[in-house]
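Read off the chains here:
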Amino acid sequence: MFFLSPASSAAPSSDRPDAALDRLLRRAVLTGLALVLLVPLARASTDTLGWLPLWLVGMPAAAWWALHRFRVPGRTAAARIERRRRGPQARRLPRAA
């Protein structure tokens, strides 16, 4: 029987995705986007595949985003730091009986 050690299943220490897969997914997204924009038949829906823009643009884009570990583009480390409010904390008022 073959067992995976926890170290072998962990992600590699580098935070960069595979360059070849990144290039392939980027090309798939751009090609699908070009097809959907330029070919009217690519905006249709078929019985076997369903809505074609989902398969031509949506699924490759989701795979590309997953390759980058679902990072939100444009956010820097400085923007992620939550700032503390400076106003007073809310207090409960005593009930009037």
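Quick note: structure is the one above.
All figures in this text were calculated on a predicted structure; none of them were measured in a lab.

Engineer: Give me the lowdown on the environment of L54, citing residues and values where you can.
Structural biologist: Considering the arrangement of structural elements, one finds L54 in helix α3 (residues 52-67). Linking L54 and V36, residues 18 residues apart in sequence, is a C-alpha distance of 9.9 Å. The residues touching L54, leaving out its near neighbours within four places in the chain, are M59 and P60.

Engineer: I'd love a proper account of α3, names of residues and values included.
Structural biologist: Given a rise of 1.5 Å per residue, 16 residues ought to cover 22 Å, and the 22 Å separating the end C-alpha atoms of α3 matches this to within 8%. Its axis deflected by about 30 degrees at G58, α3 carries its strongest bend there, up to four residues before the proline P60. Those residues of α3 that sit buried are L52, P53, V57, P60 and L67. Buried residues along α3 sit against α2 (19-38), β1 (45-46) and β2 (50-51). R69 lies just past α3 and shows a positive phi near 55 degrees.

Engineer: Lay out the pattern of salt bridges in plain terms, naming residues and giving numbers.
Structural biologist: Under the defined criterion, the tally for this structure stands at one salt bridge. Of the charged contacts, one joins R26 and D22 as a salt bridge, the two residues approaching to 2.9 Å between their closest N and O atoms. On the criterion of helical spacing, the pair formed by R26 and D22 is a turn pair, its members being four residues apart in helix α2.

Engineer: Run through a nonpolar patch on the surface, naming residues and quoting values.
Structural biologist: A grouping of L30, L33, L35, L37, L38, V39 and L41 is seen on the molecular surface, where their side chains present a nonpolar patch of about 690 Å² in accessible area. L33 gets classed as partly exposed once you look at its relative accessible area, which sits at 37%.

Engineer: Which residues make up unusual backbone geometry, and what values do they have?
Structural biologist: We note that R69 has phi near 55 degrees; this positive angle belongs to a residue other than glycine. Tracing the chain through its elements places R69 in the loop between α3 and α4 (77-80).

Engineer: Could you give me a rundown of the side chain of D22, with the residues and numbers involved?
Structural biologist: Classification of D22 as buried rests on a relative accessible area of 12%. For D22, the side chain forms a polar contact with the side chain of H68, separated by 2.9 Å. Beyond its immediate chain neighbours, meaning those up to four positions away, D22 contacts W64, L67 and H68.

Engineer: I'd like to hear about α2, residue by residue, with values.
Structural biologist: Over its 20 residues, α2 runs 28 Å from end to end, which matches the ideal 28 Å to within 8%, given 1.5 Å per residue. Every buried residue of α2 is accounted for by D22, L25, V29, G32 and V36. End-on view of α2: buried residues confined to an arc of 105 degrees, all on one side of the axis. Opposite its buried face, α2 presents the exposed residues L24, R27, L30 and L38, each directed more than 90 degrees away. Buried residues along α2 sit in contact with α3.

Definitions and limits used
Residues numbered from 1 in each chain as written. Predicted model: local features only at pLDDT ≥ 70, side-chain atom pairs only at ≥ 80, totals over all residues. Heavy atoms only, no water. Helix = DSSP H or I, 4+ residues; strand = E, 2+ residues; numbered from the N terminus. Contact = heavy atoms within 4.5 Å. Expected span 1.5 Å × (residues − 1). Bend = angle between axes of the 7 residues up to and from the residue. Buried < 20%, exposed > 50% of the residue type's maximum accessible area, 1.4 Å probe, protein only. Salt bridge = Lys/Arg side-chain N within 4 Å of Asp/Glu carboxyl O. Patch = residues over 30% accessible without salt bridge, like charges linked within 9 Å, V, L, I, M, F, W, Y side chains within 5 Å. Areas by Shrake-Rupley, 256 points an atom, 1.4 Å probe, with all protein chains shown as cover. Polar contact = N/O pair within 3.5 Å; in protein donor to acceptor, adjacent residues only side chain to side chain. Arc of directions from axis to C-beta.

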